[in-house]
Amino acid sequence: MRIPQERLEKYRNLKREFSEEDHVNLQPIQRGGVLSEEAMRAIIEFGDGYSTCDWCPPKSARLDMIEKPPIKDFYNDLAEFLGMDLARVVTRCREAKFIAFRMLGAPGDYVVVDGLAHYSSYIAAELAGLKVKEVPVGGPPEYKVDLDAYAAKIEEVKGETGRLPAAVLLTHVDYQYGNVNDAEVVGKIARDYGVPFILNCAYSAGVMPVDGKNVQADVITGSGHKSWAASAPTGILALRKSLEEKLLRRASIQGDLTSRSFVSKELALLGCTVMGAPLLTLIASFPAVVERIEKWDEEVQKARFFVGELERIQGVKQVGDRPKRHTLIHFETEPFFRVSQSHKRKGYFLYDELRARKIVGIQPGLTKHFKLNTYGLTWEQVRYAAQAFLEIAEKYGLEVR
Amino acid sequence: MSLSESVDGIMSEMVALKQILRRTAPAHRLTDADKERVGKALARCEVLLKSIKEEAGVQLP
């Protein structure tokens, strides 16, 4: 079918409405994925389809074997950086979790997860045929995961099924409150029971130091587009050598007529994974990522400053860990909600006011509570954004201390 | 210098400038170091533009 030209116009000259060049973007899931200068160049250089595969070795045709560009070296360095033995890049963190669940468990097995796990952890478990046993989360204002309860949940699974869970998963930093969980606690419990420990580092690895060895993680999953200054889709699967045969098992299928087989291909990865520009952005940003995690303390200081400024508005309070240990911040903002009740734009007034000041990333319509992230902003930008909230509060007669 | 090298060089300089814009958004108050970097980028672009004109044999309208 031929598509009329006028319908095709909208696909030309695609532009993002909120460019990072002109706005301060506080979007909670976007800050860690802002590209480095080198990654931007890599997109231009490797945007063409299979351009990463110019030098794919014919005898071991696999993404992780390519030496030009240095994909093979990168995988090794990536594993070392995370304190793990092996690493692969997959499309998303959720895919890494799925691969781990699928290859470690059998249908009907349990996986123990924290009650603040991302929805994709649940879906990955479902697709792998696993059931979930949730570790409880404490109430307000900190909403802490009861890490010691992992042991009780493992026992519960054992009592119910007569066998151990296929794995335990801990969300290192949760998406809701940005709480940093002490992975060592769960690592020790998992080790004591001999259950593989999966640490979901979507919000941590790439922005803050993570050492899988220290916390006894068997598998680390991560998100390139969330925390490694890379384009989507990029996920990270890092593992211990002891799990290589399970997680990276080679394909064994054989054609019944042709007898074709594909023994070099890693089964759960379906062969090659991210063979394009997104992978190259991840690689190109790696030196910047290695450098930036050293400045994590300063990023946390900026987040704490931001919290302090917004809490000058009477009634605004940050929930989750106090003081903040991460840059993802959840605020309860009852005073802005009160304003929205009589404003003609209702809940959208806050979004409008921020946008007028070239600040974006707070979900439009939200005023009762919202999340934001200050990661990677300069001090000047953090001050500017905080000041904007204070100005808006004063404009609508809220008390600012 | 080949045409493609010149074009790549200009794009690379523009990427560097985009990074400065990102760091200084939304007001774009440039520091002295930023201004120096912008100056270097523009100087290099001028050389590269001249090279492109010569290599491609084009006259500006």
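Note that this is a predicted model, so its numbers are computed, not measured.

(A) Local environment of the overall build of chain B. On a plain count of helices and strands, chain B comes out with 2 helices and 0 strands. The C-alpha radius of gyration computed for chain B amounts to 14 Å, which surpasses the reference 10 Å derived for 61 residues by more than 25%, pointing to a less compact arrangement than a globule. Within the span of chain B, comprising 61 residues, buried residues form 33% of the whole. At a minimum sequence separation of 6, the contacts of chain B that also span at least 24 residues come to 65%. On chain B, roughly 4,100 Å² of surface is accessible, and the fraction owed to carbon and sulfur atoms is 60%. Charged side chains of chain B number 10 positive and 9 negative; the gap between the two group centres comes to 8 Å.

(B) Representation of the packing of helix 13 (residues 348–356) of chain A against helix 14 (residues 379–395) of chain A in the model. Residues and elements named next belong to chain A. One way to put it is that helix 13 packs onto helix 14 with a least axis distance of 10 Å and a crossing angle of 125°. By the angle between their directions, the pair helix 13 and helix 14 is classed as oblique. Read as a crossing pair, helix 13 and helix 14 show a hand that is right-handed. Together, Phe349, Leu350, Glu353 and Leu354 of helix 13 and Phe389, Ile392 and Lys395 of helix 14 make up the contact between the two elements. Looking at the contact of helix 13 with helix 14 residue by residue, the classes come out as 5 nonpolar, no polar and 2 charged.

(C) A negative patch on the surface, seen in detail. A grouping of Glu67, Asp73, Asp77 and Glu80 of chain A is seen on the molecular surface, where their side chains present a negatively charged patch. Mapped onto the elements of the fold, Asp77 of chain A is located in helix 3 (residues 71–81).

(D) Highlighting the sheet that holds strand 8 (residues 235–239) of chain A. Residue and element names in this part refer to chain A. Strand order in this open sheet of 7 strands is 2-8-7-6-5-3-4, and the pairing throughout is mixed. The sheet is open, and its two borders are formed by strand 2 (86–90) and strand 4 (131–135), each paired with just one other strand. The average angle at which neighbouring strand axes cross in this sheet is 20°, direction not considered. In terms of strand pairing, strand 3 (residues 110–114) meets strand 4 through 5 bridges, oriented parallel. Considered in strand 4, the bridge of Asp114 is made with Val135.

(E) Structural detail: the side chain of Asn373 of chain A. Residue and element names in this part refer to chain A. Positionally, Asn373 belongs in strand 12 (residues 369–373). For Asn373, a relative accessible area of 4% corresponds to the buried category. At a separation of 2.8 Å, a polar atom in the side chain of Asn373 contacts the side chain of Thr327.

(F) Here's a closer look at the interface of chain A and chain B. In this assembly, 19 residues from chain A lie in contact with 15 residues from chain B. Buried area between chain A and chain B, summed over both chains or domains, comes out near 1,400 Å², and the portion from carbon and sulfur atoms is 54%. At the surface where chain A touches chain B, the tally comes to 3 salt bridges. One salt bridge in this structure joins Glu380 of chain A and Arg29 of chain B, with 3.1 Å as the shortest N-O distance. Our count for the chain A to chain B interface comes out at 10 residue pairs in polar contact (both at pLDDT 80 or more).

(G) Summary view of helix 5 (residues 119–127) of chain A. Residue and element names in this part refer to chain A. Of all the residues in helix 5, the buried ones are Ser120, Ser121, Ala124 and Ala125. The buried residues of helix 5 occupy one face: seen down the axis, they fall within an arc of 145°. Facing away from the buried side of helix 5 by more than 90 degrees, the exposed set consists of Glu126 and Leu127. In the core, the buried residues of helix 5 are packed alongside helix 4 (93–104), strand 3, strand 4, strand 5 (167–171) and strand 6 (197–200). Immediately downstream of helix 5, the backbone of Gly129 shows phi near 80°, a positive value.

(H) Seen up close, the domain arrangement of chain A. Residues and elements named next belong to chain A. Segmenting chain A into domains produces domain 1 (5–31 + 294–395) and domain 2 (37–292). Just the C-alpha atoms count here: the centres of domain 1 and domain 2 sit 30 Å apart. Between domain 1 and domain 2, the contact holds 18 residues from the first and 23 residues from the second. Together, the buried faces of domain 1 and domain 2 total about 1,800 Å²; carbon and sulfur atoms form 48% of this surface. At the junction of domain 1 and domain 2, the tally comes to 2 salt bridges. Remark: the boundary between domain 1 and domain 2 carries 15 residue pairs in polar contact (both at pLDDT 80 or more). The biggest single contributor to the side of domain 1 that touches domain 2 is strand 10 (residues 328–333), with 3 residues.

(I) Representation of unusual backbone geometry. All names here are of chain A. Along the chain, Ala232 connects to Pro233 via a cis peptide bond; the corresponding omega equals 0°. Position of Pro233 among the secondary structure elements: in the loop between helix 8 (224–227) and strand 8. Between Arg322 and Pro323 the backbone carries a cis peptide bond, its omega angle lying at -10°. Positionally, Pro323 belongs in the loop between strand 9 (316–319) and strand 10. One non-glycine residue, Asn13, lies in positive phi territory at about 50°. With respect to the element layout, Asn13 can be found in the loop between helix 1 (5–8) and strand 1 (24–25). In this model, Lys346 sits at a positive phi of 50°, which is unusual for a non-glycine residue. Tracing the sequence through the fold places Lys346 in the loop between helix 12 (334–342) and helix 13.

(J) Looking closely at the packing of aromatic side chains. Residue and element names in this part refer to chain A. Here the structure, examined in full by the defined rule, presents 14 aromatic pairs over all chains. Between Phe74 and Phe286, the ring centres sit 5.2 Å apart and the planes meet at 85°, which makes this aromatic pair edge-to-face. Placement of Phe74 in helix 3 and of Phe286 in helix 10 (residues 277–292) is noted, with a sequence separation of 212 residues between them. The burial state of Phe74 is the same as that of Phe286; both residues are buried. Put simply, the rings of Phe306, Phe331, Phe336, Phe349, Phe370, Phe389 and Tyr396 pair up and form one aromatic cluster.

Definitions and limits used
- Residues numbered from 1 in each chain as written.
- Chains lettered and ligands numbered in written order.
- Predicted model: local features only at pLDDT ≥ 70, side-chain atom pairs only at ≥ 80, totals over all residues.
- Heavy atoms only, no water.
- Helix = DSSP H or I, 4+ residues; strand = E, 2+ residues; numbered from the N terminus.
- Rg over C-alpha atoms; globule rule 2.2 N^0.38 Å.
- Buried < 20%, exposed > 50% of the residue type's maximum accessible area, 1.4 Å probe, protein only.
- Contact = heavy atoms within 4.5 Å.
- Areas by Shrake-Rupley, 256 points an atom, 1.4 Å probe, with all protein chains shown as cover.
- Lys, Arg positive; Asp, Glu negative; His and termini not counted.
- Charge placed at Lys NZ, Arg CZ, Asp CG, Glu CD.
- Axes fitted to C-alpha atoms, helices over the stretch in contact; angles between N-to-C directions.
- Parallel < 35°, antiparallel > 145°, perpendicular 65-115°, else oblique.
- Left-handed = near helix turned anticlockwise from the far one by under 90°.
- Nonpolar A, V, L, I, M, F, W, Y, C, P; charged D, E, K, R; others polar.
- Patch = residues over 30% accessible without salt bridge, like charges linked within 9 Å, V, L, I, M, F, W, Y side chains within 5 Å.
- Salt bridge = Lys/Arg side-chain N within 4 Å of Asp/Glu carboxyl O.
- Pairing = 2+ DSSP bridges.
- Polar contact = N/O pair within 3.5 Å; in protein donor to acceptor, adjacent residues only side chain to side chain.
- Buried area = accessible area lost by both parts, 1.4 Å probe.
- Arc of directions from axis to C-beta.
- Domains from an automatic or database assignment.
- Phe/Tyr/Trp six-rings, centres within 6.5 Å; stacked < 30°, edge-to-face > 60°.

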